[in-house]
Amino acid sequence: PATTTSSASNNNYRLNLDIGREPGTWMDPRWGASGRRIECTIDVSFSPPSADDDDDALKEEELSVEITTGLINTVTSKSSKLSPVLPLQHGPYARLRSGFDKMKINEGGYCIESASKSSTMRFCLDVSGTEGSSASYGDVSIPKGRLYFALPYFGTSQSDGSISISKKEGTICVKQYGWNTGWRREESRILGVFRAVPLEEARRRDKF
């Protein structure tokens, strides 16, 4: 199974992904039309922001331009404040088909968007996708590239650096070019939904 490490164990989470057609998505009409789904898990760890802004700036430089600009461009409010984009630690693979199939995770990053009344944890993972897999998932697939996630963020503990994020269901999006807005541009398209479960709790429940 994928493993992660962190100075604060409360920052280790298992992402439970449920990929498939969702109401209102701009994915190709043929994608997921059968109603089939792909369920998989990814273990991640959010390294807490440093008290030293220069240290966080150095960490941001470790990430690819695609990760940092991709996350920055998910923020649409001009009044929001955005933290540096930090590396998101992750297991080497996503676990599919109860462990009988896997999908490589190449890179990850996250940032915190702070608005006047709420904050959002935004993160993304660059994946190999399922289209090259020997397993058949029918008309639903995970495309190669970056998956974007977002959840309400409630703050970071000053004592141990542990973060607090929502346990509610969030959406997974990909960015693809299309004409749904009236002209050809890069669009955010819903790929499925997910939940973030504290890793220790998930291991007790899942037995892996």
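Preceding this paragraph is the structure being described.
What this report covers is the structure whose coordinates are included nearby. Here the structure is a predicted model, which is why all the values come from computation and not from measurement.

1. What to know about the packing of aromatic side chains
Next up, step 1: Tallied over the entire structure, the rule returns six aromatic pairs.
Next up, step 2: For the ring pair F149 and F194, a centre distance of 5.0 Å and an interplane angle of 85° mean the geometry is edge-to-face. Here F149 is found in strand β8 (residues 145-156), whereas its partner F194 is found in strand β11 (residues 185-198), with 45 residues between them in sequence.
Next up, step 3: Its relative accessible area of 3% is what places F149 among the buried residues.
Next up, step 4: An aromatic cluster of three or more residues is present, and its members are Y13, F46, Y110, F123, F149 and F194.
Next up, step 5: Over the ring of Y137 we find R97, and its NZ or CZ is 4.3 Å from the ring centre.
Next up, step 6: When the ring centre of Y93 is taken as origin, the NZ or CZ atom of K102, which lies over that ring, is 4.1 Å away.

2. Some points on the pairing of strand β10 (residues 170-178)
Next up, step 1: Inspection of the sheet shows β8 paired to β10 by two bridges, in the antiparallel sense. If you follow Y148 over to β10, its bridge partner there is C173.
Next up, step 2: In this structure, β10 lies alongside β11, joined through nine bridges in antiparallel fashion. By the bridge assignment for β11, V174 is matched with R189.
Next up, step 3: If you look at the hairpin formed by β10 and β11, you'll find six residues sitting between the two strands, and G182 has a positive phi there, around 105°.

Here is what the cut-offs are and how they apply
Residues numbered from 1 in each chain as written. Predicted model: local features only at pLDDT ≥ 70, side-chain atom pairs only at ≥ 80, totals over all residues. Heavy atoms only, no water. Phe/Tyr/Trp six-rings, centres within 6.5 Å; stacked < 30°, edge-to-face > 60°. Helix = DSSP H or I, 4+ residues; strand = E, 2+ residues; numbered from the N terminus. Buried < 20%, exposed > 50% of the residue type's maximum accessible area, 1.4 Å probe, protein only. Lys NZ or Arg CZ within 6 Å of the ring centre and 35° of its normal. Pairing = 2+ DSSP bridges.

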